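What follows is each chain in one-letter form.
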Amino acid sequence: MHTKSVEGLNFEQSHGKDRVRVARVWKGEDGRHFFAEWNVGISLLSDCIPAYVRADNSDIVATDTMKNTVYVKAKECSAQLSVEEFAIGLAKHFTSFYKQVTTAIVKIVEKPWERVSIDGQPHQHGFKLGSEKHTTEVIVKKSGSVRVTSGFEGLALLKTTKSGFEGFIRDKNTILPETKERMLATEVTASWRYPFDCLSSIPTKPLYFTERYLDVKKVLVDNFFGPAKEGVYSPSVQSTLYHMAKAVLARFPDITSIQLKMPNIHFLPVNLSSKDNPVIVKFEDDVYLPTDEPHGTIQASLSRIWSKM
């Protein structure tokens, strides 16, 4: 929010446009098409106090103009680019084109369209909808300073063994049994920060951010499951989350911090009995009742000592 003193009071304000949906197709010379669909949110911090206190709109960038600018900038992107690159370019436009705008905040969620394969061959122009969504938040100031955050939401992961939970606090309200064998399921939301602090420091390598996004996601997934045959044991969601986050910082020096949210989505053992039949179904790590609520909520962030979260 943009804060100023107005008539002896502290006044905070911003304005923007949310849920601007845009899709873009890029056509390669070989006939192969590339496709992206983005849901864009824009928030501007600007010197437009007169609009609030004197009904003078002369310093307001209309939110309809913001919406139209999304489509103009999408049209100008003649080559395929990452969602982060698009957000940076959009935010840079607002801070450089309008003298009133001091800061632009652009948030984008990319819909997970994936290329389909037919008989083992990647289709030239066919796509199907995947699961987790690529996200980004870019903050650009008129001075040229920048903050870039990437991430994803909705990555559903599950392993049917190699998980337990023991040694936790027990009191009169505790009925959860300790176990060395349980199912572990979660839906990961992740976000990570890059060290770039000015527009001139942003990498120029094409699709740099897309490549890093895929790499980070792979490291997180690999550390959740462990090796393909033997897996890795999880003594708690907390422990698994920490080791996943730590692996990302160890693998990528260009990431300064990472935050993970990993709800513990419960699959409850099924035991059925009746007065006449004490064992209708006996649980043997095989039949579960899937649930989605209530669920445990576990989240944490990990950063390098010198990093600003």
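Residues numbered from 1 in each chain as written. Predicted model: local features only at pLDDT ≥ 70, side-chain atom pairs only at ≥ 80, totals over all residues. Heavy atoms only, no water.

A short note on the overall build of the chain
Okay, step 1: Scanning the chain for helices and strands turns up five helices and 14 strands.
Okay, step 2: For the chain, the C-alpha atoms occupy an extent of roughly 80 × 60 × 40 Å along the three principal directions.
Okay, step 3: Surface exposure of the chain reaches about 17,900 Å², of which carbon and sulfur atoms provide 53%.
Okay, step 4: For the chain, the distance from the average position of its 40 positive side-chain charges to the average position of its 36 negative side-chain charges is 4 Å. (Helix = DSSP H or I, 4+ residues; strand = E, 2+ residues; numbered from the N terminus. Areas by Shrake-Rupley, 256 points an atom, 1.4 Å probe, with all protein chains shown as cover. Lys, Arg positive; Asp, Glu negative; His and termini not counted. Charge placed at Lys NZ, Arg CZ, Asp CG, Glu CD.)

Quick notes on the sheet that holds strand E10 (residues 184–193)
Okay, step 1: The sheet built from eight strands is open, its strands ordered E3-E4-E5-E8-E9-E10-E11-E14 with antiparallel pairing. Where the open sheet ends on each side, the last strands, each with one partner, are strand E3 (15–27) and strand E14 (299–303). This sheet shows a mean twist of 20° between the axes of neighbouring strands, independent of strand direction.
Okay, step 2: Where strand E8 (residues 133–141) lies against strand E9 (residues 146–159), eight bridges are found, and the strand directions are antiparallel. Pairing of Glu-137 across the sheet is with Thr-149, part of E9.
Okay, step 3: Seen against the sheet, helix H2 (residues 63–76) touches E3 and strand E4 (33–46) and runs at an angle of roughly 15° to E3.
Okay, step 4: Across the sheet, helix H3 (residues 83–97) lies against E4, strand E5 (101–110), E8 and E9, angled at about 25° from E8, the strand it touches most. (Pairing = 2+ DSSP bridges. Axes fitted to C-alpha atoms, helices over the stretch in contact; angles between N-to-C directions. Contact = heavy atoms within 4.5 Å.)

Focus: the pattern of salt bridges
Okay, step 1: All told, the structure shown has 13 salt bridges when counted by the stated rule.
Okay, step 2: For Glu-37, the salt bridge is made with Arg-21, and the minimal N-O distance between the two is 3.0 Å. Of the two residues, Glu-37 sits in strand E4 while Arg-21 sits in strand E3, which places them 16 residues apart along the sequence.
Okay, step 3: For Glu-137, the salt bridge goes to Arg-147, with nearest N and O atoms at 3.5 Å. (Salt bridge = Lys/Arg side-chain N within 4 Å of Asp/Glu carboxyl O.)

Comments concerning the packing of aromatic side chains
Okay, step 1: Scanning the model with the defined rule gives 19 aromatic pairs in all.
Okay, step 2: With a centroid separation of 5.0 Å and 80° between ring planes, the pair formed by Tyr-208 and Phe-209 is classed as edge-to-face.
Okay, step 3: Given the relative accessible area of 12%, Tyr-208 is considered buried.
Okay, step 4: Taken together through their ring pairs, the aromatic side chains of Tyr-194, Phe-196, Tyr-208 and Phe-209 make up a single cluster.
Okay, step 5: The ring of Phe-34 carries Arg-115 above its face, with NZ or CZ at 5.2 Å from the centroid.
Okay, step 6: Sitting over the face of the ring of Phe-224, Lys-159 holds its NZ or CZ atom 5.5 Å from the ring centroid. (Phe/Tyr/Trp six-rings, centres within 6.5 Å; stacked < 30°, edge-to-face > 60°. Buried < 20%, exposed > 50% of the residue type's maximum accessible area, 1.4 Å probe, protein only. Lys NZ or Arg CZ within 6 Å of the ring centre and 35° of its normal.)

Structural notes on the layout of surface pockets
Okay, step 1: The computed volume of the largest pocket comes to approximately 640 Å³.
Okay, step 2: Looking at the largest pocket, it is lined by 24 residues, and the ones nearest its centre are Phe-35, Glu-110, Trp-113, Thr-210 and Leu-214.
Okay, step 3: Contributions of two or more residues to the lining of the largest pocket are made by E4, strand E6 (113–118) and helix H4 (208–225).
Okay, step 4: Here the lining of the largest pocket gets five residues from one element, more than from any other, and that element is H4.
Okay, step 5: For the lining of the largest pocket, a count of residues per class yields 12 nonpolar, four polar and eight charged.
Okay, step 6: Each pocket or cavity is described by its volume, and for the second largest pocket that value is around 550 Å³.
Okay, step 7: Along the walls of the second largest pocket sit 22 residues, with Leu-176, Thr-179, Arg-182, Asn-264 and His-266 positioned nearest its centre.
Okay, step 8: The set of elements that each furnish at least two residues to the lining of the second largest pocket consists of helix H5 (237–251) and strand E12 (267–269).
Okay, step 9: Residues of the lining of the second largest pocket, tallied by class, amount to 12 nonpolar, six polar and four charged. (1 Å grid on protein atoms, 1.4 Å probe; cavity = no way out; pocket = protein on both sides within 12 Å on 5 of 7 lines; lining within 4 Å. Points joined across faces, edges and corners; volume = space filled by probe spheres on them. Nonpolar A, V, L, I, M, F, W, Y, C, P; charged D, E, K, R; others polar.)

Things to note about H3
Note: α-helices contain 3.6 residues per turn, so residues at a spacing of three or four share the same orientation.
Okay, step 1: Its 15 residues give H3 an end-to-end C-alpha distance of 21 Å, which sits within 8% of 21 Å, the value for a rise of 1.5 Å per residue.
Okay, step 2: Every buried residue belonging to H3 is among Val-83, Glu-84, Phe-86, Ala-87, Ile-88, Leu-90, Ala-91, His-93, Phe-94 and Thr-95, and all of these are buried.
Okay, step 3: As for H3, its buried residues are in contact with E4, H2, E5, E8, E9 and H4. (Expected span 1.5 Å × (residues − 1).)

Remarks on unusual backbone geometry
Okay, step 1: A cis amide bond links Glu-293 to the next residue, Pro-294, at an omega of -10°.
Okay, step 2: Its location among the elements puts Pro-294 in the loop between strand E13 (288–290) and E14.
Okay, step 3: Here the phi dihedral of Ala-55 falls at roughly 55°; this positive angle occurs in a residue that is not glycine.
Okay, step 4: Relative to the helices and strands, Ala-55 resides in the loop between helix H1 (49–53) and H2.
Okay, step 5: Relative accessible area serves as the criterion here: at 66%, Ala-55 is assigned to the exposed category.

Remarks on the side chain of Lys-73
Okay, step 1: Structurally, Lys-73 can be placed in helix H2.
Okay, step 2: Of the polar contacts made by the side chain of Lys-73, one reaches the side chain of Glu-76; its length is 3.2 Å. (Polar contact = N/O pair within 3.5 Å; in protein donor to acceptor, adjacent residues only side chain to side chain.)

Quick notes on the environment of Thr-102
Okay, step 1: Position of Thr-102 among the secondary structure elements: in strand E5.
Okay, step 2: Take Thr-102: its relative accessible area is 23%, and that puts it in the partly exposed class.
Okay, step 3: For the pair formed by Thr-102 and Ser-46, sequence separation is 56 residues and the distance between their alpha carbons is 5.4 Å.

Nothing here speaks to function; it is geometry throughout.
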